[in-house]
Amino acid sequence: MRRKDREVLGDENIAKIIEQCTTCHVAMTDDADPSMPYVIPLSFGYSLNSGVLELYFHCAHVGKKLDCIRKNPNVAFSMCVENRIEIHEEAYCKSGRFYASVVGQGKAEIVEDIAEKCRGLSLLMKRQAAHEPHHPDSAHSSQSAIPHKFEFTPEQAATVTVFKITSTNFTGKAKNDKAQKC
């Protein structure tokens, strides 16, 4: 990483970034034209332990993503949370947005084990529910305050395909409100 002053190290700190992200962009080799990349934004769940990041996604049983993964499981991914922009009136080139991101590369695989598939779906649903806006005047506000386990049955899991990316090659980066120089 060129900007070492913006590097984010450690599973705990990288997890803090991931927790703020709602979408993961996954890049893969296009199955129809291997000379062209293919990228798609996806909802995700994750686990991060001892430097191993597992990203879980769900999709239909057929489609371009799965075709790409079957032909070439090597993928790249990116997620980012954008914060406020800082404008430097005296020198616009010093202006910029505060952000935090995680990018990496890994291997994608279709999850066949039913227990892992249910776990991946639970992680994904937990992430999506964490980012659901809470409206105090909503009829569902009392339910949103109750934590959900989001447990899936094998029958429910059978209705979708789950794939995961396993990565040990990822980095975190952030430009935040602390006095970081350009």
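Computed from a predicted model, the values in this text were never measured in an experiment.

Thresholds applied
- Residues numbered from 1 in each chain as written.
- Predicted model: local features only at pLDDT ≥ 70, side-chain atom pairs only at ≥ 80, totals over all residues.
- Heavy atoms only, no water.
- 1 Å grid on protein atoms, 1.4 Å probe; cavity = no way out; pocket = protein on both sides within 12 Å on 5 of 7 lines; lining within 4 Å.
- Points joined across faces, edges and corners; volume = space filled by probe spheres on them.
- Helix = DSSP H or I, 4+ residues; strand = E, 2+ residues; numbered from the N terminus.
- Nonpolar A, V, L, I, M, F, W, Y, C, P; charged D, E, K, R; others polar.
- Core = buried A, V, L, I, M, F, W, Y, C linked by side-chain atoms within 4.5 Å.
- Buried < 20%, exposed > 50% of the residue type's maximum accessible area, 1.4 Å probe, protein only.
- Contact = heavy atoms within 4.5 Å.
- Salt bridge = Lys/Arg side-chain N within 4 Å of Asp/Glu carboxyl O.
- Arc of directions from axis to C-beta.
- Pairing = 2+ DSSP bridges.
- Phe/Tyr/Trp six-rings, centres within 6.5 Å; stacked < 30°, edge-to-face > 60°.
- Lys NZ or Arg CZ within 6 Å of the ring centre and 35° of its normal.

## Focus on the layout of surface pockets
And then number 1: Approximately 190 Å³ is the volume attributed to the second largest pocket.
And then number 2: Along the walls of the second largest pocket sit eleven residues, with Ile 17, Gln 20, Ala 100, Ala 174 and Asn 176 positioned nearest its centre.
And then number 3: When residues of the lining of the second largest pocket are assigned to their parent elements, the largest contribution, four residues, is made by helix H1 (residues 11-20).
And then number 4: Counted by class, the lining of the second largest pocket contains five nonpolar, four polar and two charged residues.

## Describing the nonpolar core
And then number 1: The biggest cluster of nonpolar side chains holds 33 residues, and the ones touching the most others in it are Phe 44, Leu 55, Phe 57, Phe 77 and Met 79.
And then number 2: Each residue touching Met 79, except ones within four places of it in the same chain, is listed here: Ile 18, Cys 21, Thr 23, Cys 24, Phe 44, Leu 55, Ala 100, Ser 101 and Val 102.
And then number 3: Core analysis: the next-biggest nonpolar cluster, separate from the first, contains eight residues, Tyr 56, Cys 118, Leu 121 and Leu 123 among them.

## Here we look at the pattern of salt bridges
And then number 1: Inspection of every chain in the model, using the stated rule, returns seven salt bridges.
And then number 2: Residues Lys 16 and Glu 12 are paired through a salt bridge, measuring 3.8 Å at the closest nitrogen-oxygen approach. Taken together, the residues span about one helical turn, with Lys 16 and Glu 12 both in helix H1 at a distance of four residues.
And then number 3: Looking at Lys 16, the relative accessible area reads 48%, which means it is partly exposed.
And then number 4: On the accessibility criterion, Glu 12 (58% relative accessible area) is exposed.

## Focus: helix H2 (residues 64-71)
And then number 1: Here H2 has its buried residues at Lys 65, Leu 66, Cys 68 and Ile 69. All buried residues of H2 lie within an arc of 160° about the axis, which places them on one face of the element. Opposite the buried face of H2, at more than 90 degrees from it, the exposed residues are Arg 70 and Lys 71.

## Here's the deal with the pairing of strand E8 (residues 161-175)
And then number 1: Strand direction decides the pairing type here: strand E1 (residues 7-8) and E8, joined by two bridges, are antiparallel. Each residue of the ladder has a partner; that of Val 8, found in E8, is Gly 172.

## Some words on the packing of aromatic side chains
And then number 1: Taken as a whole and assessed by the stated rule, the structure comprises one aromatic pair.
And then number 2: Look at Phe 57 and Phe 163: their rings are 5.0 Å apart centre to centre, the planes differ by 20°, and that puts the pair in the stacked class. With Phe 57 in strand E5 (residues 52-59) and Phe 163 in strand E8, this residue pair connects regions lying 106 residues apart in the sequence.
And then number 3: Classification of Phe 57 as buried rests on a relative accessible area of 1%.
And then number 4: When its relative accessible area of 0% is taken as the criterion, Phe 163 is described as buried.
And then number 5: One Lys or Arg, Lys 64, reaches over the ring of Tyr 38 and ends 5.1 Å from the middle of that ring.

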